[in-house]
Amino acid sequence: MNRKNVIHCVIVLILLVACDSKESRSTITDTPPQNPLPTEQFIRNHLLQPDGLISTNLTDRKGEYLSESIGLWMEYLLISDQKQSFDFQLSVLRKHFYSKDNLLIWRIDKGQMANANALIDDLRVINVLYRAEKKWGDVQYKEYANKMSKTLLKYQLQQQYFVDFINLDDKQGTHYLTLSYIMPNALRQMKKESLLSEGVYSQNIDVLRNAPTSKEGLYPKSFNTESSQYVFDQRVNLIDQLYIGYHLASIGEDVNSLVEFIEDRMNNNNGKLFGQYSGRTGTPIVRYESPSVYALAIMFLNETDHQSLIPELYKRMIALRQNSEEKPYFGGYIDVDTLETHAFDNLLPLIVDTLYAKNSQN
């Protein structure tokens, strides 16, 4: 074969590979269900962009996209059995949020990528990928989860403790571990894959298990990995508390102090929960209700023997939703006058709405 024919064959092969690759990518598409839940309909119509990115809100942060949002959306697609949309979203995640080291860039704002990750976002995606492999049998999900896990273990441990974030350039991190970031299910899967040692697993889970509570029954915000001291907040974000309680309950730990806090605050505030409370007095320091607070409270109590409040919490959550099909933004947790909304405040309630509906059918 002469040189001209060799070159011709090489060109043909390159074109064939390129066409095959292009065809493979084009088969990964987002396919909405025929009868989506109201909040899914809102997210798809108003927050989900054509390229698969999810806007943080509809106003000043419309051009901001968070790995948190992608992870929660993937979790919803998993539990609602939307594999094709899940695969599409995974391709979006890999294209836009994966760093060269297989960690997640936590934010893209107007095209500018943050140079740090967030532990909770990485663990959430790792966990959902392991669950996807178990549900759908595609080993590729586990391979991605393992790659992310290996990088976390390589760069994001200090004194064998995970830390909140690292700089993706120099791999330097903070000295704090936010308790709500510790996700036992993800760590358990990493241990099961023989990536995380029993010692490191136990040391990080013990940060949760050994966390003291204040006289109001509230947990610390974080743990200093250098001094091994817990840090309490004066302004307590109830989202953090509920995540901590949910994760503790998921491993069978006693969470009665937080259950009592929730019950007491609802009884004293006409069934309402607020976004922030004083760490010193336990009284509300803001007057806004958050759909994600109610969603997490439902998830938390569902892991305990104290489930009697769940119907009331669900009712209050749904009341914050735009429930009229005749009005704009149907299905969204949004103030229609100001367009105030947040992806988090729609994604978490959507997940809970799906689980609630499934439990009602069983």
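Residues numbered from 1 in each chain as written. Predicted model: local features only at pLDDT ≥ 70, side-chain atom pairs only at ≥ 80, totals over all residues. Heavy atoms only, no water.

Participant: Describe the pattern of salt bridges, and please don't skip the residues or the numbers.
Facilitator: Opposite charge on two side chains permits pairing when their charged atoms draw close. Within the structure shown, the criterion is met by 20 salt bridges. Notably, a salt bridge pairs aspartate 121 with arginine 124, separated by 3.2 Å at the nearest N-O pair. Here arginine 124 and aspartate 121 lie together in helix α5 (residues 119-136), a separation of 3 residues that amounts to about one turn. Assigned by exposure class, aspartate 121 and arginine 124 land together as buried. (Salt bridge = Lys/Arg side-chain N within 4 Å of Asp/Glu carboxyl O. Helix = DSSP H or I, 4+ residues; strand = E, 2+ residues; numbered from the N terminus. Buried < 20%, exposed > 50% of the residue type's maximum accessible area, 1.4 Å probe, protein only.)

Participant: Just give me the short version of a negative patch on the surface, but keep the residues and values in it.
Facilitator: Taken together, Asp60, Asp335, Asp337 and Glu340 make up a surface patch of like negative charges. Topologically, aspartate 337 is positioned in the loop between α12 (310-319) and α13 (344-361). (Patch = residues over 30% accessible without salt bridge, like charges linked within 9 Å, V, L, I, M, F, W, Y side chains within 5 Å. Areas by Shrake-Rupley, 256 points an atom, 1.4 Å probe, with all protein chains shown as cover. Lys, Arg positive; Asp, Glu negative; His and termini not counted. Charge placed at Lys NZ, Arg CZ, Asp CG, Glu CD.)

Participant: Residues and numbers for the sheet that holds strand β1 (residues 64-66), please.
Facilitator: In spatial order, the strands read β1-β2-β3; together these 3 strands make up an open sheet with antiparallel pairing. Pairing within the sheet leaves two strands with one partner each, and these edge strands are β1 and β3 (112-113). Looking at chain direction, strand β2 (residues 107-109) and β3 are connected through 2 bridges and run antiparallel. Within β3, the position partnered with isoleucine 108 by the bridge is methionine 113. (Pairing = 2+ DSSP bridges.)

Participant: I'd love a proper account of the nonpolar core, names of residues and values included.
Facilitator: Phe86, Leu129, Phe162 and Leu273 are the most contacted members of the largest nonpolar core, which has 111 residues in total. Among the elements that take part in this core, α5 stands out by supplying 10 residues, more than any other. Apart from residues lying up to four places away in sequence, phenylalanine 86 is in contact with Met74, Leu77, Leu78, Val128, Leu129, Ala132, Trp136 and Tyr141. (Core = buried A, V, L, I, M, F, W, Y, C linked by side-chain atoms within 4.5 Å. Contact = heavy atoms within 4.5 Å.)

Participant: Quick rundown of the sheet that holds strand β6 (residues 176-178)? Include the residues and the values.
Facilitator: Sheets are built from strands paired through backbone hydrogen bonds, the pairs being either parallel or antiparallel. With respect to topology, 3 strands assemble into an open sheet ordered β6-β7-β8, the strand pairing being antiparallel. The open sheet has two edge strands, β6 and β8 (229-231), and neither has a second partner. Averaged over all pairs of adjacent strands, the angle between their axes in this sheet comes to 25°, without regard to strand direction. The sheet contact formed by strand β7 (residues 222-224) and β8 spans 3 bridges and is antiparallel. Bridge pairing in β8 places serine 222 opposite valine 231. (Axes fitted to C-alpha atoms, helices over the stretch in contact; angles between N-to-C directions.)

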